[in-house]
Amino acid sequence: MWHSRAPRERIVIATSAALLGVAAYVLVLHSAERARAQLRPAVAALRTQAALLEQQAAEHERLRAAPAIAASSAALRPLIQARLDAARLSGAVTRMDAADADHLSITFGAVPFAQWLSLVDALQAQQVRLETARIEALAASGLVSVNASFARARPQ
């Protein structure tokens with residue numbers, strides 16, 4: 001069939017096929033570039049998530065390898081009072097009520113928020129968990145009033 005065509009027809013057919021191939025190739029490249037531009041932000045977000053997951057995995061492994069902290073058998077109130085004294089937050093406490101040996105409610109009038117967070121972290125290191133908290137911002141910058149209840153963490 002190809003050989004039965006005139007040389008001029010062969011050239012026209014070959015040129016047409018080449019142009020059609022080039023047009024198809026350009027169309028594919030254009031579509032790929034457009035898709036790449038649309039996916040570029042998603043790839044950046046996924047890379048950020050992957051880095052965060054790697055950090056969290058490393059932290060998880062570090063915490064799993066750390067020896068467990070034994071919960072103190074002392075009463076909760078003296079333990080929390082010692083942490084309040086160490087953080088110099090005793091003066092901010094307006095009320096402290098112990099429901100039982102393992103539960104304590106504290107009300108702070110005005111406390112710097114950063115110090116409040118540090119106190120919670122220090123108590124968690126002592127196997128005391130924050131059960132509930134109501135935090136309200138005060139007019140002074142960085143100060144909050146806090147109503148919180150703490151409980152001794154139960155062994156798992």
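Asker: What exactly am I supposed to notice about the overall build of the chain here?
Answerer: Each helix and strand in the chain was counted, giving three helices and four strands. Along the chain direction, N to C, the helices and strands of the chain fall in the order α-α-β-β-α-β-β. By principal-axis analysis of the C-alpha atoms, the chain measures approximately 105 × 40 × 25 Å. Burial analysis of the chain (156 residues in total) assigns 17% to the buried set. Of all intrachain contacts in the chain linking residues separated by at least 6 positions in sequence, the fraction that spans at least 24 positions is 51%. Looking at the chain as shown, the accessible area adds up to about 11,400 Å², and 61% of this sits on carbon and sulfur atoms. Positive and negative side-chain charges of the chain, numbering 17 and 12 respectively, have mean locations separated by a distance of 12 Å.

Asker: Just to check I follow, could you spell out the confidence of the model for the chain for this structure?
Answerer: Low pLDDT marks regions whose predicted coordinates should not be analysed in detail. Predicted confidence across the chain gives a mean pLDDT of 88, with 93% of residues reaching 70 or more. The secondary-structure element of the chain with the lowest mean pLDDT is helix α2 (residues 76-86), recorded at 88, while strand β4 (residues 143-152) shows the highest, at 93.

Asker: What is the right way to read the sheet that holds strand β1 (residues 93-100) from this model?
Answerer: In any sheet, the strands associate via hydrogen bonds between backbone groups, in a parallel or an antiparallel arrangement. Reading across the sheet, the four strands line up as β1-β2-β4-β3 and stay open at both edges, with antiparallel pairing between neighbours. Unpaired on one side and paired on the other, β1 and β3 (128-137) mark the two borders of the sheet. On average, each strand axis in the sheet is tilted by 15° relative to the strand beside it, whichever way the strands run. Inspection of the sheet shows β1 paired to strand β2 (residues 103-112) by six bridges, in the antiparallel sense. Opposite Ala-98, over in β2, you have Leu-104 as the bridge partner. On top of the sheet, α2 reaches β1, β2, β3 and β4; it is set at about 15° to β2, its chief contact. Together, β2, β3 and β4 form the strand contacts of helix α3 (residues 113-125), whose direction differs from that of β2 by roughly 155°.

Asker: Is there a simple way to think about the pattern of salt bridges in this case?
Answerer: Side chains carrying opposite charge are able to pair once their charged atoms draw close together. Scanning all chains against the criterion turns up seven salt bridges. As a salt-bridge pair, Glu-131 and Arg-129 come within 3.5 Å of each other at their nearest N and O atoms. Between Arg-134 and Glu-136 there is a salt bridge, with the nearest N and O atoms lying 2.7 Å from each other. Judged by relative accessible area, Arg-134 falls into the partly exposed class, the value being 44%.

Asker: Explain α3 here, please?
Answerer: Because each turn of an α-helix spans 3.6 residues, side chains separated by three or four positions in sequence point in the same direction. With 13 residues, α3 should reach 18 Å at 1.5 Å per residue; the first-to-last C-alpha distance of 19 Å fits that figure. Within α3, the full set of buried residues consists of Trp-116, Leu-119, Val-120 and Leu-123. Down the axis of α3, the buried set is contained in an arc of 100°. They therefore lie on one face. Seen from the open side of α3, the exposed residues pointing more than 90 degrees away from its buried face are Ala-114 and Asp-121.

About the criteria used
Residues numbered from 1 in each chain as written. Predicted model: local features only at pLDDT ≥ 70, side-chain atom pairs only at ≥ 80, totals over all residues. Heavy atoms only, no water. Helix = DSSP H or I, 4+ residues; strand = E, 2+ residues; numbered from the N terminus. Buried < 20%, exposed > 50% of the residue type's maximum accessible area, 1.4 Å probe, protein only. Contact = heavy atoms within 4.5 Å. Areas by Shrake-Rupley, 256 points an atom, 1.4 Å probe, with all protein chains shown as cover. Lys, Arg positive; Asp, Glu negative; His and termini not counted. Charge placed at Lys NZ, Arg CZ, Asp CG, Glu CD. pLDDT = per-residue confidence, 0-100. Pairing = 2+ DSSP bridges. Axes fitted to C-alpha atoms, helices over the stretch in contact; angles between N-to-C directions. Salt bridge = Lys/Arg side-chain N within 4 Å of Asp/Glu carboxyl O. Expected span 1.5 Å × (residues − 1). Arc of directions from axis to C-beta.

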